[in-house]
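Here's the letter readout for the chains.
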Amino acid sequence: MDRKHSTQMLGEMKLFASFSAAEQRYIRRSLDVGLMRGDATACWSRNSAEAASIEAQARRYCMLDLIRACVPDDDSPEEAEAFLASLITLSVPDLKEGKLASFDAYRFLYERLVCAEARPWLVSAFCAAAAQPGIHPELRKQLLQSIPVMDVIAAGWSIRAPLFYPEWVEKVPEAVT
């Protein structure tokens, strides 16, 4: 791995480390579900309610292939319509759960679930999803206030693919000496 990629990966790891434990857990779980990395229900569910939530998430994430195929090549509203509508629909339940408390956490997850080329559209999708009436008003306020101004006014976005994809780490029993 060259220096540029090493720096990028360390930056992504640092960003991930800045998220709360609940955000980190939800991102890892969602990546397992969305990228089909093993049996997410067996790995992540701690009770029947969480198992049902993961199964519902897996059904929603079946849309990911369609969404990836619809990423617009330019900023044409006609091209963006199907993509954004699907992305917003997929995003609302993830935000509604309250486990993603900021735009940074949302972007971290969705640029990995969808693709780096989706970055320019993530602010729009996040705003629309966070503003839905089904999101609790206090959570809605928190989510919308978490959007950095620089992301809103950015003149361009990197399409460099993410390098760091956090995964489940088994607990290692302590050695008895």
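For the structure, check the block above.
Within every chain, residues take consecutive numbers counted from 1 along the sequence as written. For a predicted model such as this one, the threshold for reporting local features is a pLDDT of at least 70, and the threshold for listing and counting side-chain atom pairs is 80 or more; totals across whole chains, interfaces and linings nevertheless cover every residue. The side-chain quantities take in all heavy atoms of the structure and omit both hydrogens and water.

Observations concerning the overall build of the protein chain
- Along the protein chain, the regular secondary structure elements total ten helices and zero strands.
- Numbering of helices and strands runs from the N terminus, with a helix taken as a DSSP run of H or I at least four residues long and a strand as a DSSP run of E at least two residues long. Along the protein chain, from the amino end to the carboxyl end, the secondary structure elements read α-α-α-α-α-α-α-α-α-α.
- Taking 177 residues into account, the globule formula puts the C-alpha radius of gyration at 16 Å, and the protein chain, at 17 Å, falls close to it.
- Each of the 177 residues in the protein chain was classed as buried or not, and the buried ones make up 41%. For the radius of gyration, the atom set is restricted to C-alpha positions; the globular benchmark scales as 2.2 Å times the number of residues to the power 0.38. Only protein chains enter the accessibility calculation, which uses a 1.4 Å probe. A residue is then buried if its area is under 20% of the maximum for its type, exposed if over 50%, and partly exposed in between.

Quick notes on the pattern of salt bridges
- A pairing counts as a salt bridge when a side-chain nitrogen of Lys or Arg comes within 4 Å of a carboxyl oxygen of Asp or Glu. Evaluated as defined, the whole model comprises eleven salt bridges.
- The salt bridge partner of Arg29 is Glu97, with a shortest N-O separation of 3.6 Å. Here Arg29 is found in helix H2 (residues 21-34), whereas its partner Glu97 is found in the loop between helix H6 (77-96) and helix H7 (103-113), with 68 residues between them in sequence.
- Linking Glu111 and Arg119 is a salt bridge whose minimum nitrogen-to-oxygen distance equals 2.5 Å. In this structure, Glu111 and Arg119 share a single accessibility class: buried.
- Bridged by salt links that share partners, the residues Glu12, Glu111, Arg112 and Arg119 form one connected network.

Considering the nonpolar core
- The biggest cluster of nonpolar side chains holds 44 residues, and the ones touching the most others in it are Ile27, Phe83, Leu87, Leu95, Tyr106, Tyr110 and Val114.
- For this core, the secondary-structure elements that each account for two or more residues are H2, helix H3 (40-44), helix H5 (64-69), H6, H7, helix H8 (119-130) and helix H9 (137-145).
- Pairs of residues are marked as contacts when any of their non-hydrogen atoms sit within 4.5 Å. Once residues lying within four places of it in the same chain are set aside, the contact partners of Phe83 are Ile67, Cys70, Val71, Pro72, Val114, Ala118 and Trp121. Throughout this description, the term nonpolar core refers to a set of buried Ala, Val, Leu, Ile, Met, Phe, Trp, Tyr and Cys residues connected via side-chain atoms within 4.5 Å.

Observations regarding the environment of Leu122
- Examined against the element boundaries, Leu122 turns out to sit in helix H8.
- Distance from Leu122 to Ala161, taken between C-alpha atoms, is 15 Å for residues 39 residues apart in sequence.
- When residues no more than four places from it in sequence are discounted, the contact partners of Leu122 are Leu87, Phe103, Tyr106, Arg107, Tyr110 and Glu111.

Some remarks on the environment of Ile159
- For Ile159, the position within the fold is in the segment after helix H10 (149-152).
- Ile159 gets classed as exposed once you look at its relative accessible area, which sits at 52%.
- C-alpha of Ile159 to C-alpha of Arg107: the two residues are 52 residues apart in sequence and 13 Å apart in space.
- When sequence neighbours within four positions are dropped, the list of residues in contact with Ile159 reads Ala116, Glu117 and Arg119.

Quick notes on a nonpolar patch on the surface
- Residues qualify for a patch when their relative accessible area is over 30% and they have no salt bridge, like charges being joined within 9 Å and the nonpolar side chains of Val, Leu, Ile, Met, Phe, Trp and Tyr within 5 Å. Working definition of accessibility: Shrake-Rupley area with a 1.4 Å probe, residue cover restricted to the visible protein chains. A cluster of nonpolar side chains, namely Val149, Met150, Val152 and Ile153, defines an oily patch on the protein surface of about 430 Å² accessible area.
- Note on Met150: relative accessible area 60%, which makes it exposed.

Some words on the packing of helix H1 (residues 3-17) against H7
- Where H1 contacts H7, the two axes come as close as 10 Å, and the packing angle between them is 130°. Here H7 runs oblique to H1, going by the angle between their axes. Every pair of crossing elements has a handedness; the one defined by H1 and H7 is left-handed. Of H7, the residues touching H1 (which contributes Glu12, Leu15 and Phe16) are Asp104, Phe108 and Arg112. The axes used here are C-alpha line fits, helices contributing only the stretch in contact, and every angle between their N-to-C directions lies in the interval 0 to 180 degrees. Orientation categories follow fixed angle ranges, with anything under 35 degrees roughly parallel, anything over 145 roughly antiparallel, 65 to 115 roughly perpendicular, and all other angles oblique. In this scheme the crossing of two helices becomes right-handed for a clockwise turn of the near helix relative to the far one and left-handed for an anticlockwise turn of less than a right angle.

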